[in-house]
Amino acid sequence: MDIARSDIVKATAGRDKGRLFFVMDVEGDFLLLADGKTRRLERPKRKKRKHVVFQARVDCRTSEKIRGGDRLTNSELRKTLAQLGGEGNPDQEG
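Remember, it's a predicted structure, so these values are computed and weren't measured experimentally.

A few points about the sheet that holds strand E4 (residues 45-48)
Working step 1: The antiparallel open sheet is built from five strands, whose spatial order is E4-E3-E2-E1-E5. The outermost strands of the open sheet, each flanked by one partner alone, are E4 and strand E5 (52-56). Shown here is a sheet whose adjacent strand axes are inclined to one another by a mean of 50°, direction ignored.
Working step 2: Pairing between strand E1 (residues 8-11) and E5: four bridges, direction antiparallel. The partner of Val9 across the bridge, within E5, is Phe54.
Working step 3: Across the face of the sheet, helix H2 (residues 74-83) comes into contact with E1, strand E2 (20-27) and strand E3 (30-34) while running at roughly 120° to E2.

Focus: the environment of Val23
Working step 1: Relative to the helices and strands, Val23 resides in strand E2.
Working step 2: Exposure remark for Val23: the relative accessible area of 0% places this residue in the buried category.
Working step 3: Distance from Val23 to Ser63, taken between C-alpha atoms, is 9.5 Å for residues 40 residues apart in sequence.
Working step 4: Ignoring any residue separated from it by four or fewer positions in sequence, one finds Val23 in contact with Ile3, Ala4, Arg5, Ser6, Asp7, Val9, Leu31, Leu32, Leu33 and Ile66.

Observations regarding the pairing of E3
Working step 1: The element E3 is largely enclosed, with a buried count of four among its five residues.
Working step 2: Note that E2 and E3 share five bridges and pair antiparallel. In the sheet register, Asp25 faces E3, and the bridge partner there is Leu32.
Working step 3: Once E2 ends, the chain turns through two residues before running back antiparallel as E3, passing Gly28 with a positive phi of about 65°.
Working step 4: With four bridges joining them, E3 and E4 adopt antiparallel strand pairing. Pairing of Leu31 across the sheet is with Lys47, part of E4.

About the criteria used
- Residues numbered from 1 in each chain as written.
- Predicted model: local features only at pLDDT ≥ 70, side-chain atom pairs only at ≥ 80, totals over all residues.
- Heavy atoms only, no water.
- Pairing = 2+ DSSP bridges.
- Helix = DSSP H or I, 4+ residues; strand = E, 2+ residues; numbered from the N terminus.
- Axes fitted to C-alpha atoms, helices over the stretch in contact; angles between N-to-C directions.
- Contact = heavy atoms within 4.5 Å.
- Buried < 20%, exposed > 50% of the residue type's maximum accessible area, 1.4 Å probe, protein only.

Structure, rendered in structure tokens:
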């Protein structure tokens, strides 16, 4: 399955291995990833496709905002990923 904008992926390599991320944008063979905690919207992680695995394509408000280019907060990303199986408290900073 091809990975597209607003999909949820899991990192399979690097120090963020095992973490869930939203795909914020696709740039050829690279993906821009954010989770709202370690990788915030202001500075998404640029990662090669081969270093992530597709997890889910969800139809939620957060995904709609990403696809539509609407204003989005880091807190919304954290909460959505926590509901889908992310670790820790979604509002905990740092």
